[in-house]
Amino acid sequence: MILERFSPADDAVAVRACHQIYQAARPVDDPDGPPSSLRVFATWIRLGWTEDPSEAWLARDDAGEIRGWYVLTLPERENRHLAMLNPTVHPRARRAGWGTALVRHAAGRAAGQGRAELHGDTRAGSPGSAFARALGAQQGMSEITRVLRLDTLPAARLAGLRTSAQAAAPGYGLVCWDGPVPGEHLDAVAAINAGVADIPREPGIEAQRWDTERVRMDDRRAAAQGLRYYTVAARHLATGELAGLTQMGVDPAEPAWGFQELTVVARPHRGHRLGMLMKAVMLERLGKREPQLTQVLTGSVDANKHMSAINAELGFTVLDRYPSWQLTVTTALAL
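Residues numbered from 1 in each chain as written. Predicted model: local features only at pLDDT ≥ 70, side-chain atom pairs only at ≥ 80, totals over all residues. Heavy atoms only, no water.

*Asks:* Tell me what's going on with the overall build of the protein chain, and back it up with residues and numbers.
*Replies:* Each helix and strand counted, the protein chain has ten helices and twelve strands in total. In terms of overall dimensions, the protein chain is globule-like: its C-alpha atoms have a radius of gyration of 21 Å, near the 20 Å expected for 335 residues. In terms of its C-alpha atoms, the protein chain occupies a principal-axis envelope of roughly 65 × 40 × 35 Å. Contacts spanning at least 24 positions in sequence make up 73% of the contacts within the protein chain whose residues lie at least 6 apart. (Helix = DSSP H or I, 4+ residues; strand = E, 2+ residues; numbered from the N terminus. Rg over C-alpha atoms; globule rule 2.2 N^0.38 Å. Contact = heavy atoms within 4.5 Å.)

*Asks:* Can you tell me about the sheet that holds strand β4 (residues 82–89), naming the residues and giving the values?
*Replies:* Reading across from one edge, β1-β2-β3-β4-β5-β12-β6-β11-β10-β9-β8-β7 is the order of the twelve strands in this open sheet, with mixed pairing throughout. Each end of this open sheet is capped by a strand with a single partner; those strands are β1 (2–6) and β7 (172–178). Recorded for the sheet is a direction-independent mean angle of 25 degrees between the axes of neighbouring strands. Looking at chain direction, strand β6 (residues 138–149) and strand β12 (residues 317–328) are connected through eight bridges and run antiparallel. Opposite V147, over in β12, you have T317 as the bridge partner. Here helix α2 (residues 38–47) sits on the sheet and contacts β2 (54–60), β3 (66–73) and β4; the angle it forms with β3, its principal contact strand, is near 55 degrees. (Pairing = 2+ DSSP bridges. Axes fitted to C-alpha atoms, helices over the stretch in contact; angles between N-to-C directions.)

*Asks:* Quick rundown of the packing of aromatic side chains? Include the residues and the values.
*Replies:* Any two aromatic rings considered together are summarised by their centre-to-centre distance and by the angle between their planes. Scanning all chains against the criterion turns up five aromatic pairs. With 6.4 Å between their ring centres and 15 degrees between their planes, W57 and Y70 make a pair best called stacked. Within this pair, whereas W57 is found in strand β2, its partner Y70 is found in strand β3, the two being separated by 13 residues in sequence. Each member of the pair W57 and Y70 is classed as buried. The rings of Y22, F41, W44 and W69 are connected pair by pair, giving a single aromatic cluster. A cation over a ring is seen here: R214 above W210, with NZ or CZ 5.6 Å from the ring centre. The ring of F316 has K279 sitting right over it, with the charged end atom 5.6 Å from the ring centre. (Phe/Tyr/Trp six-rings, centres within 6.5 Å; stacked < 30°, edge-to-face > 60°. Buried < 20%, exposed > 50% of the residue type's maximum accessible area, 1.4 Å probe, protein only. Lys NZ or Arg CZ within 6 Å of the ring centre and 35° of its normal.)

*Asks:* Residue-level account of the pattern of salt bridges, with values.
*Replies:* For the structure on display, the rule yields 23 salt bridges. The closest approach of N and O atoms between E55 and R5, which form a salt bridge, is 3.6 Å. Taken together, the residues span a long stretch of sequence, with E55 in strand β2 and R5 in strand β1 at a distance of 50 residues. Across the pair R285 and D178 runs a salt bridge, and its minimum N-O distance is 2.7 Å. (Salt bridge = Lys/Arg side-chain N within 4 Å of Asp/Glu carboxyl O.)

*Asks:* How would you summarise the nonpolar core if you had to cite specific residues and measurements?
*Replies:* L274, L283 and L314 are the most contacted members of the largest nonpolar core, which totals 29 residues. Among the elements of the structure, α5 (155–167), β8 (228–236), β9 (242–250), α8 (274–289) and α9 (305–314) are those that each provide at least two residues to this core. If you tally residues by element for this core, the top one is α8, at nine residues. Leaving out residues up to four positions away in the same chain, L283 has contacts with L148, L150, L153, L158, V296 and L314. W57, L74, V103 and V329 belong to the second-largest nonpolar core, a separate cluster that totals 23 residues. (Core = buried A, V, L, I, M, F, W, Y, C linked by side-chain atoms within 4.5 Å.)

*Asks:* Explain α5 residue by residue, including any values.
*Replies:* Here α5 spans 18 Å end to end across 13 residues, near enough to the 18 Å set by a 1.5 Å rise per residue. Considered for burial, the residues of α5 that qualify are L158, L161 and A165. What you see down the axis of α5 is that its buried residues fit within an arc of 60 degrees, all on one side. Facing away from the buried side of α5 by more than 90 degrees, the exposed set consists of A155, A156 and A167. Elements in contact with the buried residues of α5: α8 and α9. (Expected span 1.5 Å × (residues − 1). Arc of directions from axis to C-beta.)

Here it is in structure tokens:
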């Protein structure tokens, strides 16, 4: 086995090879959700999802054929005790030690950066879950993905949900924008994003710390992915401050799918059905801006009962569950 690090920003051939392995593995690893297009995938390998540094590695056999790869993300602002690991082995090469070798090598890289734990997630019931369990990883919280088939949500019902939510939110208005966060809202969006700190999460895991630079980095990631990006925010009319927001992305390469991103309401403004109001208005807005959409994908941890209730009321149904896994670096090094 030959392991080699590559630069996703400079090696398009390696990125494409990783994407091809991802595509080959999708039917067994993650068959239900939308595929990740090459551009979105390449941006993820290069920039990640959390604005943190990462490194990418290929595994070749003695003939030079690529058998697998991994991305190791090293949180920088918070959770500096852990590393996020995403290993993938081509289905034809599985059960031959490649996955174990990738995890062991990644553990060595993580140890060199002072990290004590590897974290990752898999689809429940998938080969990845069986692999994590076989390595001795401990299962944590699960994220539940849900899908809304838009043909099951008549316009009249959506309008009724919006009207009901508006009635519960006197003193609030809405602000909408497309693409990056406007400069005048940067501080407010950073403060609202910090509101995810009280969403249920694993013990010992710190919430993301947000400032205006991190908001800008998140915008740059969405732009690099080529997403058409939409935001609906709630404004408290008496003070003019933003009280919450919801965001949605559409990948032009997969135009039938909408990807729900963050939905959050600042703590002082909760209890006014702003989450439902923003989501309902977003769906109405997408009906005009993205009429080709047929379904919307969202995800939330299984312990986030409030958001789950909103999604259920809108008509989202459970698609899959993704348990998280934790493996100590010491255990991984001894594999």
